[in-house]
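Chain and residue survey
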Amino acid sequence: MFESIVQNLFNALQWGSFYSLIALGYTLVYGVLTLINFAHGDIFMVGAYIAFFVATFFLATLTSAPGWVVLTITLPLTMILTALVGVTLERIAYRPLRRKGANRLYVVITALMCGLILENGNLALLGASRKSFPEMIEKVVYTFGMVSLTNLKIAVIISAVLVFVLLQFIVTKTRIGMAMRAISYDKFAVPLMGIPIDAIIVFTFVLGSSMAGLAGLLYSLSYPILDPYMGALIGWKAFIAAVVGGIGDIRGAFLGGFLLGFVEILVVAFFPSTFRDLIAFSILLLILVYKPTGLFGVAKTTKI
Amino acid sequence: MLLEIKDLVVRYGNIEALHGISFHVNEGEIVTLIGSNGAGKTTTLHAITRVPPPEGPKIHTGDIRFQGRSIVGVEAHAIVQNCHIALAPEGRHIFGNLTVEENLTLATFSRKDADQVARDYQRVYELFPRLAERRSQRSESLSGGEQQMLAVGRALMTGCKVILLDEPSMGLAPLLMYDMFRTLKKLNEQGMTILLIEQNARLALKFAHRAYVLDTGEIVMEGSAAALTENPEVQKAYLG
C-alpha cells in the first residue's frame, strides 16, 4: 500500500512537471501582455516535432556518438528552434494587432487560429501518420521494493524544478524581470524608462516557448509517439492548471501544474481511468468557484 | 537651442491636434506651455517623446530637433536612451506593483554608467527624502504627492538632460504643489532643462523663464514668464 502511494507520487510529479513546464508559457505571456496565447499547446507539439527531427538527424549523422551526446545537442537546439517559432508567431500575428491597439478578443481569436494553423500545417506537411520518437538514452530502471523509477522520470522532475527556480529568479530579481512586471502594470510608461518594450515581449516569448520545447523533448522521450494533435489536450490542461494556480504568477503555474498531476493520478487510483478528466476538472472547477483568481492570484495587482 | 519644434503638425487618426506649432527650449531653461484643456499640451509632449500609437500622435509634417538633429524617426525608448529626454507623464503612471526602488531602478534600464547611476539615486533620495523612507514599499501604497515625487524621481534616474513634466501639481494639496515647484527650481539651478505643462498657469509662470500659450493646437502668444503674467489677455483667460 505504502509503496503504491510512493509510486503514484512519482507518476504525479512527472505529469505535474509536464503541465508546469507548459503552464509557464501561458502564465508568462499572460503576465506581460494579458494575452492568453492559445497557440501555446501547439508550440509544445511543434517543440516535440523539432526534437524529433533534430534527434533523428544527429542520430543518423553521428552514428558513432553515444546517445547522451546526441541528447546534449538536441536539448539546446530544440529549445532555440522552438523559441524561434514562438517569436515568429509574436512577430507576424500578435505584434501587428498590438500596434493597432486591437481589442483583446481579436488577439485571443488570432492566438486560437495560430494554434490551428500549426496543427494543420503539420498535418499538411507531414501527413497524418504518427512518428515514433527515437530512443537516445538507454532507460535505466531503479527499483526500490515495489517502487520503480526511471532515470527519465527523475530527469523530468528535476528539469521542472530547475526551470521554476530559474524563472522565479529572472522575474523577481533581474532588471529584465522587473521590466516584464512593469509592462503588465502600465505598458504606456515602459518606453518612457528607456526600455524597448518589443524586446522585452520577445524575451518573454523566448522564455515561454523554449520551455515548451523542453517539455516537448522530455515528453517525447517519455511517451515516444508524436501526432499533430498531441498539444491540444495537454495544452488546454496546462492552461487550466495555470488559471487554477493564478495566471500571471510563476508560482501559480507550477503549483497548478503539479496539482493537476496529483489530482489526475489520485482519481485513477480510485476510479476507472475513463473518469480521470471528468473528476479532475470537476475538482479544479470547485477550486475556481471558491477562489476565482486562482491559488496565487491577487485580483489584478500582481502579475507574473 | 537644445530642443526645437518647427511647424509641427500631428494627428490622431484623421483628427489634426496640432496645426503647425513652433517653439524652442534653451539649455538650462524652464519653459512652460500653458493653455486650457484640449489645447494640445499633452499631445506636444507625447510627440516629442515619440510615444507610440495608439496613445501617441502621428507626426504629419514638421520637425523636432534635439541639439540640431531631427528626432522624428527615433523610437520612444531611444529618445530616453540616446537623446536624454525624459517625460514624467500626466497621471504619474508609476508601476504600482513594484517597490519605490524598483521603479527607480527600472528607469536606469539602458544605462551603463554605474557610477553616475549611484550618484543619481543619492540625488533623488536627497531631493525627495520621503522616497528614501519608503524605498522598499510597494509604490501603489504611496500617497498622491509621493507618487508624483516618484514619477519625477524616475525621470531623473533615466540620466536625461531635459525633463518634460506633464501636470506635476495635479492632485496635490497647495502646500505640496509649492514644494514640488521649489524642488524643480532647485533641479533647474543644478543644470536641468525643464519643459513644463501646467493647469495652474499662475504657478507655472511664477517659476518658469519663458512661456508659450497654446490654444486649440496653435501657439497664440509667447514671451518671458514675467511679461506674460502682466499681459491682460493672459490674465483674463488663464489667471482670472
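Higher on the page you've got the structure.
Residues numbered from 1 in each chain as written. Chains lettered and ligands numbered in written order. Predicted model: local features only at pLDDT ≥ 70, side-chain atom pairs only at ≥ 80, totals over all residues.

1. Points about the nonpolar core
Among the nonpolar cores identified, the biggest contains 166 residues, and Ile22, Ala179 and Ala215 of chain A together with Ile85 and Leu164 of chain B are the most heavily contacted of them. Look past the residues within four positions of Ala179 of chain A in its chain and what remains in contact with it is Val190, Ile195 and Ile200 of chain A together with Leu106 and Phe109 of chain B. (Core = buried A, V, L, I, M, F, W, Y, C linked by C-beta atoms within 7 Å. Buried ≥ 20, exposed ≤ 12 C-beta atoms within 10 Å, placed from the backbone. Contact = placed C-beta atoms within 7 Å.)

2. A closer look at the pairing of strand 2 (residues 15-25) of chain B
Residue and element names in this part refer to chain B. Strand direction decides the pairing type here: strand 1 (residues 3-12) and strand 2, joined by eight bridges, are antiparallel. From the neighbouring strand, Val10 faces strand 2, where its bridge partner is Leu18. A loop of two residues connects strand 1 with strand 2, the two strands running antiparallel in sequence, and Gly13 in this loop sits at a positive phi of about 60°. (Pairing = 2+ DSSP bridges. Helix = DSSP H or I, 4+ residues; strand = E, 2+ residues; numbered from the N terminus.)

3. Details of the sheet that holds strand 7 (residues 162-166) of chain B
Residues and elements named next belong to chain B. Spatial strand order, 6-7-8-3-9-10: six strands in an open sheet with mixed pairing. On the outer flanks of this sheet lie strand 6 (85-88) and strand 10 (218-224), each paired with one strand and no other. Going from strand to strand, the sheet's axes swing by 15° on average, the running direction of each strand aside. The pairing of strand 3 (residues 30-34) with strand 8 (residues 193-197) spans four bridges and is classified as parallel. Looking at strand 8, one finds that Thr32 is bridged to Leu196. Sheet contacts for helix 6 (residues 144-157): strand 6 and strand 7; angle to strand 6, the most-contacted strand, approximately 170°. (Axes fitted to C-alpha atoms, helices over the stretch in contact; angles between N-to-C directions.)

4. Focus: the sheet that holds strand 1 of chain B
Residues and elements named next belong to chain B. Ordered by their spatial adjacency, four strands build an open sheet running 2-1-4-5, and the pairing between neighbours is antiparallel. Both edges of this open sheet fall to strand 2 and strand 5 (69-70), since each of them pairs with a single strand only. As paired elements, strand 4 (residues 58-66) and strand 5 share two bridges and run antiparallel to each other. Within strand 5, the residue paired with Phe66 across the bridge is Arg69. Relative to strand 2, helix 1 (residues 41-48) is tilted by about 70°, and along the sheet it contacts strand 1, strand 2 and strand 4.

5. Observations concerning the interface of chain A and chain B
In this complex, chain A contributes 19 residues to the contact, which on the side of chain B involves 24 residues. Residue classes in the side of chain A that touches chain B are distributed as 11 nonpolar, four polar and four charged. (Nonpolar A, V, L, I, M, F, W, Y, C, P; charged D, E, K, R; others polar.)

6. Describing the packing of helix 1 (residues 2-33) of chain A against helix 8 (residues 230-245) of chain A
All names here are of chain A. At a minimum axis distance of 8 Å, the contact between helix 1 and helix 8 shows a crossing angle of 70°. In this view, helix 1 runs roughly perpendicular relative to helix 8, as classed from their interaxial angle. Residue-level contacts link Phe18, Tyr19, Ile22, Ala23, Tyr26 and Thr27 of helix 1 to Ile234, Gly235, Lys237, Ala238, Phe239, Ala241, Ala242 and Gly245 of helix 8. In terms of residue class, the contact of helix 1 with helix 8 is made up of 10 nonpolar, three polar and one charged. (Parallel < 35°, antiparallel > 145°, perpendicular 65-115°, else oblique.)

7. Section: unusual backbone geometry
All names here are of chain B. Of note in the backbone geometry, Gln67 takes a positive phi value of approximately 50° without being a glycine. For Gln67, the location among the structural elements is in the loop between strand 4 and strand 5. Here His84, not a glycine, exhibits a phi torsion of approximately 60°, which is positive. Position of His84 among the secondary structure elements: in the loop between helix 2 (76-83) and strand 6.

8. Considerations on helix 3 (residues 67-99) of chain A
Residues and elements named next belong to chain A. Between its terminal C-alpha atoms helix 3 stretches 46 Å, which fits the 48 Å expected from 33 residues at 1.5 Å a residue. Taken as a whole, helix 3 carries its principal kink of about 40° at Arg91. Taken as a whole, helix 3 has its buried residues at Val70, Thr74, Thr78, Met79, Thr82, Ala83, Val85, Gly86, Leu89, Glu90 and Tyr94. Summarising the contacts, the buried residues of helix 3 are in contact with helix 2 (40-61), helix 4 (104-126) and helix 7 (197-222). Just downstream of helix 3, Gly101 is the residue with a positive phi angle, here 65°. (Expected span 1.5 Å × (residues − 1). Bend = angle between axes of the 7 residues up to and from the residue.)

9. Focus on the environment of Glu4 of chain B
All names here are of chain B. With respect to the secondary-structure elements, Glu4 resides in strand 1. Through-space distance from the C-alpha of Glu4 to that of Ala211 is 14 Å; in sequence the pair is 207 residues apart. Dropping the residues within four chain positions of it, Glu4 is found in contact with His24 and Arg65.

10. Description of helix 4 of chain A
Residues and elements named next belong to chain A. In a regular helix each residue adds 1.5 Å, so 23 residues correspond to 33 Å; helix 4 covers 33 Å between its end C-alpha atoms and thus fits that length. What helix 4 keeps buried is the set Val107, Thr110, Ala111, Cys114, Gly115, Leu118, Glu119 and Asn122. Here the buried face of helix 4 lies against helix 2 and helix 3. One or two steps after helix 4, the chain reaches Gly127, where phi turns positive at roughly 80°.

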